[in-house]
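Given next are the chains, with one letter for each unit.
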Amino acid sequence: MAIEFKPSPSLPPPSKSVGVVAWIRHNLLSSPLNVVLTAFSLYILYLTIPPLIEWGLINATWTGTSNKACTGGGACWAFINSYFEQFMYGFYPSEQTWRINLALVILVLLVAMFAIKKINKLYLALVIILAYPVLAYYLFSGGVFGLEPVETAKWGGLFLTVLLGVIGIVASFPLGALLALGRRSNMPVAKSVCVIFIESIRAVPLITILFMASVMIPLFLPEGLNFNKLLRVLIGIVLFSSAYMAEVIRGGLQAIPKGQYEAADAMGLSYWQSMSLIILPQALKLVIPGIVNTFIGLFKDTTLVYIVGMFDFLGRIQAANHDTKWLGTTVEGYVFAAFVYWIFCFGMSRYSMALERKLETGHKRN
Amino acid sequence: MTDRNMALAQLEAGEQAIIEFKDVNKWYGDFHVLKNINFSIKKGERIVVCGPSGSGKSTMTRCINRLEEHQKGTISVDGIEMNDNLKNIETIRKDVGMVFQHFNLFPHLSILENLTLAPIWVRKMPKKEAEELAMHYLERVKIANQALKYPGQLSGGQQQRVAIARGLCMQPRIMLFDEPTSALDPEMIKEVLDVMVQLAEEGMTMVCVTHEMGFAKTVADRVVFMDAGEIVEANEPQEFFNNPQHDRTQLFLSQILNH
C-alpha cells in the first residue's frame, strides 16, 4: 500500500517582515552605518529645506511691476508673474493666444478619447497623427477662416518648446525605427545608406545641425526658393534625434532571440508583417527606458534653438533677465525654468514606467 | 546511394513525393554541413530523423521551409522548387508548419493571439473564424482553458503543445518538428509526444528530429540516421532498430539505447 502524499499548507509570512515599521527597520535602520547615514540625511534636510521654503514661499513677493516691489528678502515671483504670458507664448499676439490654448484642449480631448472603449483606437490614432497636425497648423499660423495670420518668427516661449519637442518626438520615432531596421537589413544599399546616415548625424553636435539648418541651407538654395526657418530647424532636430533613436531601437532588435524571427518566418509572415507584429512590439518594449531617455534629452535639447535666434521657453526667460526693470531676478527665472522642465520630464518618465508595467506579460517566469 | 535508389524506385512506382532532396549540399562558411543529401518523402509519411549532435539533422529539416538556404542541389516541396523566389518560399511556408525545440511562442501575445496571428495575416481569415479554429486546435492539445494566458505563464510542456496547435492552425500539409521534446522536463515529454502520436494517426506528413526512440518505433514509417552531414541509413523502424546495416548506426543505437 503506497502512502498518499499531501503537500503541507502554506503559512503567512512572519509579521516582522511586513508593514511600515518593518520597512523603516529594514531600509533606514538595518545596520549601525545605516543609522548614522539616516541621521546625517535628516540633518542635511533640516539645514536646507526650511530656508528654501522661507525664500520660495514665506518671504516671496508674488505681484508687482518692477524689482522695486520685491522687498521681502525672498524670491521675486512677481517677475515671473508679469512676464508669464511671454514665457508661455513668446511674441504671439496676446489677443490670439486662445488659438494655442484651443489646440491644446483639442489635443487633450483627443488623447483622452483613448479611454473610451467603443472607439476604434486605430482610427483615433490616425486622426491624431494625420488630421490633428493640419488643424493645429492652421490654428497656429492662421490666414484661413478669418484667423489673423501669425508668422512663425513670433512663435516662442513654452509653446515653441512643446511644439519642437512634440513634433521632434512624434517624427523621430518612426524614422528611427526604420533606420534601425535598415541598419540590420540584408540589402546592402539600404544598409549602407542607414549606417552612413546614423554615423554622420551622430558624429555632429546638434548646434552644428541647427546652424546649418538656419544659416547654410538658405545659401545653397536657389534664389527665391526659401522655406520657413522653423521648418528647417524642425527637420534638423528630427534628423538628429532619429539617429539616436535608431541606435536605441537597434539595441532592442538585437535582444530579440533568433527563434522569434524564425517562428515568424516559418509561419509565412512577410518581412514587414513579422517586423511590425512580432519583432518591433517586443523590441520597443524592451527599450522603453532608452526611448524615453532620448525623448527627454530631445525635449531639453530644443533649448538650443536659442542659438539660431528663436526664443523658446528658456530663451525667452534669459532675454527677460536683461530687462532693466527686473535686474537681479536671474535666479527666479532659472528656478521657474527648472521647475517647468522638471514637470514635463518627470511626467514622461512616470508615463514610461506605467507603460512598462502595462505591457508586462510575464515574460519572466514568476 | 541506396537512398537515392530508393527515392528513384518510389518515383518509378508512381508514388507522389511531397518533399524531395536531390544532391543537396550546404556549407556554413568552410564547414560542409550537408553532403549530397538525396531523399524523398511521400505524402502522409512519418519520418523520424536521428543522429549525433552536429550531424546536420536540424539543418536538413530547416532546409525544407528554407529557414536555412542550401547552396547546391534542389529541394522541392509540393512540386515547388525552393530557391530565392520569395513568393515560392512564402507559399511553401503557408503549407509547412514548424515546431521548435525552444517553442518560440510570441511572449507579447496571448495564447489565442499566438494561434490566430498567421491565419489572420497570412491566410486573410476573418478574426472570428480564426479564433474558432484556434480554440478547436487548443482543445485538441487539451489546453483550451489557457487561451487567454500569456506564454510566460505556462509550463514548458504546455507551451510546446500550444506551439503544435499554432502550427496546425495554418492547416498545413506537412509538419516539421525540430527536437520538440529536448528542452522539456521528463514529466512533460509524454504530454507532447501524445499530441504528436495523435497527429501521426490522423495521417499528417511529419518530419521529426528527435531522440525519442520509443516514438520512432511506434510512429515512424521510416527512421533516418545522419552523421557528419550525410544520411547514413534510412529504413523502416523494425529493420532499423533490429538489423542496422552500418556499424555507425549500430554504435549510435547501442549508445542511446543501453543506458
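What you see as residue numbers is a count from 1 along each chain, following the sequence as written. As a convention, the first chain written is A and the first ligand written is 1, with the rest following in written order. Residue-level local features of this predicted model are given only where pLDDT is at least 70; pairs of side-chain atoms are given and counted only at 80 or more, and the full residue set underlies all totals for whole chains, interfaces and linings. Side-chain metrics in this entry use all non-hydrogen atoms of the structure; hydrogen atoms and water are not considered.

Taking an unreviewed UniProt entry as the reference, chain B is identified by name as Glutamine transport ATP-binding protein GlnQ belonging to Marinomonas spartinae. UniProt positions are given in the numbering used here, feature names are shortened, and annotations may be inferred rather than shown by experiment. Of the comments in the UniProt record for chain B, the one headed Sequence similarities (unreviewed entry) reads "Belongs to the ABC transporter superfamily." The UniProt entry for chain B carries this comment under Subcellular location (unreviewed entry): "Cell inner membrane".

An unreviewed UniProt entry lists chain A under the name Inner membrane amino-acid ABC transporter permease protein YhdY, from Marinomonas spartinae. Heading Sequence similarities (unreviewed entry) of the UniProt record for chain A holds this comment: "Belongs to the binding-protein-dependent transport system permease family. HisMQ subfamily."

(A) Quick peek at the overall build of chain B. Of regular secondary structure, chain B possesses ten helices and ten strands. Only C-alpha atoms enter the radius of gyration; for comparison, a globular chain is expected to reach 2.2 Å times N to the power 0.38, where N is the number of residues. Against the 2.2 N^0.38 benchmark of 18 Å for 259 residues, chain B shows a C-alpha radius of gyration of 18 Å, consistent with a compact globule. Overall, chain B is about 50 × 45 × 40 Å in size when its C-alpha atoms are taken along their principal axes. Burial classes follow relative accessibility: with a 1.4 Å probe on protein chains only, a residue under 20% of its type's maximum area counts as buried, one over 50% as exposed, and anything between as partly exposed. Sorting the 259 residues of chain B into buried and exposed places 56% on the buried side. By definition in these notes, contact holds between two residues if any of their heavy atoms fall within 4.5 Å. Relative to all contacts within chain B whose residues are 6 or more apart in sequence, the contacts with residues 24 or more apart total 66%. Residues scored as charged are limited to Lys and Arg (positive) and Asp and Glu (negative), so that His and the chain ends carry no count. Working definition for charges: the position is that of NZ of Lys, CZ of Arg, CG of Asp or CD of Glu. Considering chain B, the positive charge centre built from 28 side chains and the negative charge centre built from 35 side chains are found 5 Å apart. Labels follow the DSSP assignment, with helices taken as runs of H or I lasting at least four residues and strands as runs of E lasting at least two, numbered in each case from the N terminus.

(B) Structural detail: helix α14 (residues 330-359) of chain A. Residues and elements named next belong to chain A. Relative to the 44 Å expected for 30 residues at 1.5 Å per residue, α14 spans 43 Å between its end C-alpha atoms, a close match to the ideal helical length. Looking only at α14, the buried set comprises Glu332, Gly333, Phe336, Ala337, Val340, Tyr341, Cys345, Met348 and Ser352. Contact partners of the buried residues in α14: α2 (32-58), α3 (77-89), α6 (157-183), α12 (288-301) and α13 (313-321). In this analysis, the expected span of each helix is defined as 1.5 Å times one less than the number of residues it contains.

(C) Quick peek at the UniProt feature "domain: ABC transporter" (unreviewed entry) in chain B. UniProt feature "domain: ABC transporter" (unreviewed entry): in the numbering of this structure it lies at residues 19-253 of chain B. Helix makes up 39% of residues 19-253 of chain B and strand 26%, and the two end C-alpha atoms of the span are 27 Å apart.

(D) Quick look at the nonpolar core. Among the nonpolar cores identified, the biggest contains 121 residues, and Phe87 and Phe313 of chain A together with Phe21 of chain B are the most heavily contacted of them. Throughout, the edges of the domains are those of an automatic or database domain assignment. In terms of domain composition, this core takes at least three residues from each of domain 1 (76-92 + 150-357) and domain 2 (95-149) of chain A. By convention a nonpolar core is built from buried Ala, Val, Leu, Ile, Met, Phe, Trp, Tyr and Cys residues, the set being connected through side-chain atoms within 4.5 Å. Of all hydrophobic cores here, the second largest spans 50 residues; its members include Leu138, Leu184, Met188 and Val192 of chain B.

(E) Geometry of the sheet that holds strand β4 (residues 72-77) of chain B. Residues and elements named next belong to chain B. Should DSSP find at least two bridges between two strands, the strands are regarded as paired. Spatially, the four strands line up as an open sheet ordered β2-β1-β4-β5, and their pairing is antiparallel. With partners counted over all chains shown, the strands left at the sheet margins are β2 (31-42) and β5 (80-81), one partner each. As paired elements, strand β1 (residues 17-28) and β4 share five bridges and run antiparallel to each other. Counterpart to Glu20 in the pairing with β4 is Ser76. Whenever a helix is involved, its axis is fitted only over the stretch in contact; in every case the axis is a line through C-alpha atoms, and angles between N-to-C directions fall within 0 to 180 degrees. Against the sheet, helix α2 (residues 57-64) contacts β1, β2 and β4, and its axis sits at roughly 125 degrees relative to β1.

(F) How the structure looks around the UniProt feature "transmembrane region" (unreviewed entry) in chain A. Residue and element names in this part refer to chain A. Residues given the UniProt feature "transmembrane region" (unreviewed entry) here are residues 33-53, 98-116, 123-145, 157-181, 193-221, 233-253, 274-296 and 334-355. Helix makes up 100% of residues 233-253 and strand 0%, and the two end C-alpha atoms of the span are 30 Å apart. Secondary structure within residues 274-296 divides into 96% helix and 0% strand; the distance between the first and last C-alpha atoms comes to 30 Å.

(G) Main features of the pairing of strand β9 (residues 222-227) of chain B. Residues and elements named next belong to chain B. Where burial is concerned, most of β9 is hidden: five out of the six residues are buried. Sheet topology note: the strand β3 (residues 46-50)/β9 ladder contains four bridges and is parallel. In the strand pairing of β9, Val48 is matched with Val223. Note that β9 and strand β10 (residues 230-235) share five bridges and pair antiparallel. Each residue of the ladder has a partner; that of Met226, found in β10, is Ile231. The turn joining β9 and β10, which pair antiparallel and follow one another in sequence, is formed by two residues; a positive phi near 50 degrees is taken by Ala228.

(H) Highlighting the domain arrangement of chain A. Residue and element names in this part refer to chain A. Along its sequence, chain A is carved into domain 1 (76-92 + 150-357) and domain 2 (95-149). Computed from C-alpha atoms alone, the centre-to-centre distance between domain 1 and domain 2 is 21 Å. Across the boundary between the two partners, domain 1 contributes eight residues, which contact ten residues of domain 2. Taken together, the two surfaces of domain 1 and domain 2 that pack against each other cover about 840 Å², and 72% of this comes from carbon and sulfur. Of all residues in domain 1, Tyr89, Tyr92 and Val150 give up the largest surface area on contact with domain 2, accounting jointly for 63% of the area buried on that side. In the sections that follow, a salt bridge refers to a side-chain nitrogen of Lys or Arg positioned within 4 Å of a carboxyl oxygen of Asp or Glu. Summed over the shared surface of domain 1 and domain 2, the result is zero salt bridges. Residues adjacent in sequence count toward polar contacts only when both atoms are side-chain atoms; beyond that, a polar contact is any pair of N or O atoms within 3.5 Å, and within protein one must be able to donate a hydrogen and the other to accept it. One can count five residue pairs in polar contact (both at pLDDT 80 or more) joining domain 1 with domain 2. Put simply, the parts of the chain that give the side of domain 1 that touches domain 2 at least two residues each are α3 and α6. When the residues that make up the side of domain 1 that touches domain 2 are grouped by side-chain class, the tally is six nonpolar, no polar and two charged. Once two parts are brought into contact, the accessible area they lose, counted with a 1.4 Å probe and summed over both, makes up the buried area. Residues are sorted three ways: Asp, Glu, Lys and Arg are charged, Ala, Val, Leu, Ile, Met, Phe, Trp, Tyr, Cys and Pro are nonpolar, and all the rest, Gly among them, are polar.

(I) Just the pairing of strand β8 (residues 205-209) of chain B, in detail. Residues and elements named next belong to chain B. For β8, the buried fraction is high: five of the five residues fall into the buried class. Covered by surrounding structure in β8 are Thr205, Val207 and Val209 together with Met206 and Cys208, the residues of both alternating faces. Bridge analysis of β3 against β8 gives four bridges, and the strand direction is parallel. From the neighbouring strand, Arg46 faces β8, where its bridge partner is Met206. Note that the unit made of strand β7 (residues 174-178), helix α7 (residues 186-201) and β8 has a crossover that is right-handed. If the strands point away from the viewer and the path from the first strand over the helix to the second runs clockwise, then the crossover is right-handed.

(J) Local environment of the interface of chain A and chain B. Across the boundary between the two partners, chain A contributes 21 residues, which contact 25 residues of chain B. Of the roughly 2000 Å² buried between chain A and chain B on both sides combined, carbon and sulfur atoms contribute 62%. Looking only at chain A, the three residues that lose the most surface to chain B are Ala266, Met267 and Thr361 of chain A, adding up to 29% of its buried area. Seen at the junction of chain A and chain B, the total is one salt bridge. At the junction of chain A and chain B, the tally comes to six residue pairs in polar contact (both at pLDDT 80 or more).

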